[in-house]
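# What the coordinates show
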Amino acid sequence: MRMPRYIKEPFGYTVAFPDGKMGLYTHDAAPLLRDGIRYEDMTRYKLKTLRVDTDFHLGAPLITWIELTRRCNLRCRHCFVKAGESLGNELSAQEVYSLLEDLKEMGAVSLIFSGGEPMSREDFADIVGYACDLGFVVGVATNGLLLTQERLDQLPKGDEDLRISVSLEGAGHYSALRGEVPFKQLTEKLLLLKDDGILTAVMATMSSKNIGELRTVFDWCVKNRIVFRSVQFSPIGRGGEAENRVFMLTPDDVEKASSLWLDETLFEMEMNKSIGICVAKIFDYTFELVYSTKRCKGGRSMAYVCADGDVYPCAICVSTGTFKAGNIREKKFSEIWQDSFGEIRGFTWEDFKVCAGCELSNGNYFCTNRCPPLGLRYRGSPVACGALPINKLILKKRTEMLHHALGYK
């Protein structure tokens, strides 16, 4: 029997069940968690009230991004961290193992190995295998070009908690965002993963230059029963450079962007019925916590460790160089998590006075743009709106589409 994973909290427990359901529970649930109880049998122990102080955070991150290297074989125009060359002083395998052990002792639930290109490290498979042996839910974010059968043979076989997500932004031989990245080559690698029994997914950045092609990519994913997730091009990192701003979505793209998001969301809801716990489900739950606590997830349920050991609340903070909390070479991650995220934890939704007059702040919409690093990046204040006009247009349109599809009034 697969056991639930849980974080010990002052209020009780944060629990992630093998089927991907999650919740907050009282201290009385402790004996049942050790017995491998199901989500459906835990109703009586669900937390009914929760005290949420300004600096509220979980006892350990639900998701920890671990950047294995900044080195990359591509120079993608939308890369948050401007990957390409190694940082030069990147974490050794032993330092990564020590970080994983520290996270495990804390009760951290899941990891995402990223880069750069994580597979460019010779010890990539060893690190992934160690993380799986420790019992983490593991995700890998890769461009897929270095994926071979030989590399696959080095990874844990039959591990239901491992998912490898491949970036795929175009349906031809050349991608405007990534360069020469053949669709046929990458789809063959995705099928290789699937045939090897490794859970896989497609990650796509939606831009004004590829929005039409992404429909073809999505249709291929549906045909082959592979999850597809997209994000909007963001003008930060390399995406913020002047020559790359042409990739920003425009008002003419709103209908297509919203329609694709709706279809991928409904498809993923269908796929999730047969998929157990994975990083994507845990990521979705962090948004539930954002909405219920009215606080950003960065440094509260999520963290990011750079290849040189620097620790940030999230990938956006890494990209903008804001709210750094420490370095694991100077202090253990568990100590940084406990007492070094105070700056970003000091902000709550109440501080975003600018949102009061925005139609997206009412109960019909779930706007996550009360984002301190983006507020700083776009408008010079951590309590300014972190959304660009195009983000607001798309959020409004896709919410209306989703409500219509689900029959909401």
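Our subject in this report is the structure included herewith. Values in this document were obtained by computation on a predicted structure and should not be read as measured data.

Definitions and cut-offs
- Residue positions within a chain follow its written sequence, with the count starting from 1.
- Selection of residues for local features in this predicted model requires a pLDDT of at least 70, selection of side-chain atom pairs for listing and counting requires 80 or more, and totals for whole chains, interfaces and linings are taken over all residues.
- With hydrogens and water excluded, all non-hydrogen atoms of the structure serve as input to the side-chain values.
- A helix here means a DSSP run of H or I that spans at least four residues, while a strand means a run of E at least two residues long, and both kinds are numbered starting from the N terminus.
- Burial here depends on accessible area, computed with a 1.4 Å probe over protein chains only, as a share of the maximum for the residue type. Under 20% is buried, over 50% is exposed, and the range in between is partly exposed.
- Calculation of accessible area relied on Shrake-Rupley with a 1.4 Å probe; when residues are assessed, cover is drawn exclusively from the protein chains displayed.
- We score Asp and Glu as negative and Lys and Arg as positive, and we do not count His or the chain ends.
- Note on charges: their place is set at NZ of Lys, CZ of Arg, CG of Asp or CD of Glu.
- A pair of strands is labelled paired if DSSP reports no fewer than 2 bridges between them.
- Crossover handedness is defined here as right-handed if the route from the first strand over the helix to the second strand goes clockwise, with the strands pointing away from the viewer.
- Cysteine sulfur pairs qualify as disulfides if the two atoms are within 2.5 Å.
- Residues belong to one nonpolar core when they are buried, are Ala, Val, Leu, Ile, Met, Phe, Trp, Tyr or Cys, and are joined through side-chain atoms within 4.5 Å.
- Pairs of N or O atoms within 3.5 Å make up the polar contacts considered here, provided that, within protein, one atom can donate a hydrogen while the other can accept it, and that residues adjacent in sequence are counted only when both atoms are side-chain atoms.
- We define a salt bridge as a contact between a side-chain nitrogen of Lys or Arg and a carboxyl oxygen of Asp or Glu at a distance within 4 Å.
- Helix axes use the C-alpha atoms of the stretch in contact, all axes being lines fitted to C-alpha atoms, and the angles between their N-to-C directions lie in the range 0 to 180 degrees.
- It only takes one pair of heavy atoms within 4.5 Å for two residues to be counted as in contact.
- Aromatic pairs are defined between Phe, Tyr and Trp rings, using the six-membered ring for Trp, whenever the two ring centres lie within 6.5 Å; interplanar angles under 30 degrees are classed as stacked, those over 60 as edge-to-face, and all others as tilted.
- Counted as over-ring charges are cases with an Arg CZ or a Lys NZ within 6 Å of the ring centre that also lie within 35 degrees of the ring normal.

Helix and strand counts for the chain stand at 13 helices and 14 strands. The principal-axis extents of the C-alpha atoms in the chain amount to approximately 55 × 55 × 45 Å. Residues counted as buried form 57% of the 409 residues belonging to the chain. Split by element, the accessible area of the chain, about 17,800 Å² in all, is 51% carbon and sulfur. Charge separation in the chain, taken as the distance between the mean sites of 52 positive and 53 negative side-chain charges, equals 5 Å.

Glancing now at the pairing of strand β10 (residues 199-206). Among the 8 residues in β10, 6 count as buried, and that is most of the element. Pairing geometry for strand β7 (residues 162-167) and β10, over 5 bridges, is parallel. Directly across from serine 165, in β10, lies its bridge partner alanine 201. The sheet contact formed by β10 and strand β11 (residues 227-232) spans 6 bridges and is parallel. Each residue of the ladder has a partner; that of valine 202, found in β11, is phenylalanine 228. Handedness of the β10-helix α6 (residues 211-224)-β11 crossover: right-handed.

Let us look at the state of the cysteines. For the coordinates displayed, the defined rule picks out 0 disulfides. Note on cysteine 367: no disulfide assigned, nearest cysteine sulfur contributed by cysteine 385 at a separation of 6.2 Å.

Where a protein is soluble and globular, its nonpolar side chains tend to be buried together. Ranked by internal contacts, the top residues of the largest apolar core, which has 109 residues, are Leu62, Leu103, Phe113 and Phe333. Ranked by size, the runner-up nonpolar core spans 10 residues in total, among them Val15, Leu33, Ile37 and Met42.

Right, let's get into the environment of serine 292. Locating serine 292 in the fold gives a position in helix α8 (residues 279-293). Judged by relative accessible area, serine 292 falls into the exposed class, the value being 52%. At 3.3 Å, the side chain of serine 292 and the backbone oxygen of leucine 289 are in polar contact.

Moving on to the pattern of salt bridges. Applying the stated criterion across every chain, the model contains 21 salt bridges. Between glutamate 268 and arginine 229 there is a salt bridge, and its shortest N-O distance comes to 2.9 Å. Here the residue glutamate 268 occupies a position in helix α7 (residues 254-271), and arginine 229 occupies one in strand β11, the gap between them amounting to 39 residues. Note that glutamate 255 and lysine 397 form a salt bridge whose closest N and O atoms lie 3.6 Å from each other.

With that settled, consider the sheet that holds strand β3 (residues 22-25). Read across the sheet, 3 strands follow the order β1-β2-β3 without closing on themselves; strand pairing throughout is antiparallel. Single-partner strands in this sheet number two, and they are β1 (5-9) and β3. Within the sheet, the average angular offset between the axes of one strand and its neighbour, ignoring direction, is 15°. Looking at chain direction, strand β2 (residues 12-16) and β3 are connected through 4 bridges and run antiparallel. Each bridged residue has a counterpart across the sheet, and for threonine 14 the counterpart in β3 is leucine 24.

The step from glycine 115 to glycine 116 runs through a cis peptide bond, and the omega angle for that step is 20°. Along the chain, glycine 116 falls in the loop between β5 (110-114) and α3 (124-134). A positive phi angle, near 55°, is found at arginine 225, a position not held by glycine. With respect to the helices and strands, the residue arginine 225 is situated in the loop between α6 and β11.

All right, on to the side chain of serine 207 then. Turning to its location among the elements, serine 207 is positioned in the loop between β10 and α6. The exposure class assigned to serine 207 is buried, which follows from its relative accessible area of 0%. For serine 207, the side chain forms a polar contact with the main-chain nitrogen of lysine 209, separated by 3.1 Å. Dropping the residues within four chain positions of it, serine 207 is found in contact with Leu177, Phe233, Phe247 and Leu249.

Take the side chain of aspartate 308 next. Residue position: aspartate 308 is located in the loop between β12 (302-305) and β13 (310-312). Buried aspartate 308, no salt bridge; nearest opposite-charge side chain is arginine 70, N-O distance 5.6 Å. Discounting chain neighbours no more than four positions away, the residues touching aspartate 308 are Leu87, Asn89, Glu90, Leu91, Asn327 and Arg329.

On to the sheet that holds strand β4 (residues 63-67). The 9 strands are arranged β11-β10-β7-β6-β5-β4-β12-β13-β14 in an open sheet whose pairing can be described as mixed. With partners counted over all chains shown, the strands left at the sheet margins are β11 and β14 (326-327), one partner each. Of the pairings in the sheet, the one linking β13 to β14 comprises 2 bridges and is antiparallel in character. Paired with valine 311 across the two strands is glycine 326, which belongs to β14. Sheet strands in contact with helix α5 (residues 183-195) are β7 and β10, and its direction is about 175° off that of β7.

Let's shift gears to the packing of aromatic side chains. This structure, assessed with the given rule, holds 15 aromatic pairs. Ring geometry for tyrosine 97 against tyrosine 130: centres 4.7 Å apart, planes inclined by 50°, an arrangement best described as tilted. Placement of the pair is tyrosine 97 in helix α2 (residues 93-106) and tyrosine 130 in helix α3, with a sequence separation of 33 residues. On the basis of relative accessible area, tyrosine 97 is assigned to the buried category, the value being 17%. Residue class for tyrosine 130 comes out partly exposed when judged on its relative accessible area of 26%. Taken together, the aromatic side chains of Phe283, Phe287, Tyr291 and Phe366 make up a single cluster linked through ring pairs. Geometry around tryptophan 261 places arginine 398 over its ring, the cationic atom sitting 4.4 Å from the centre.

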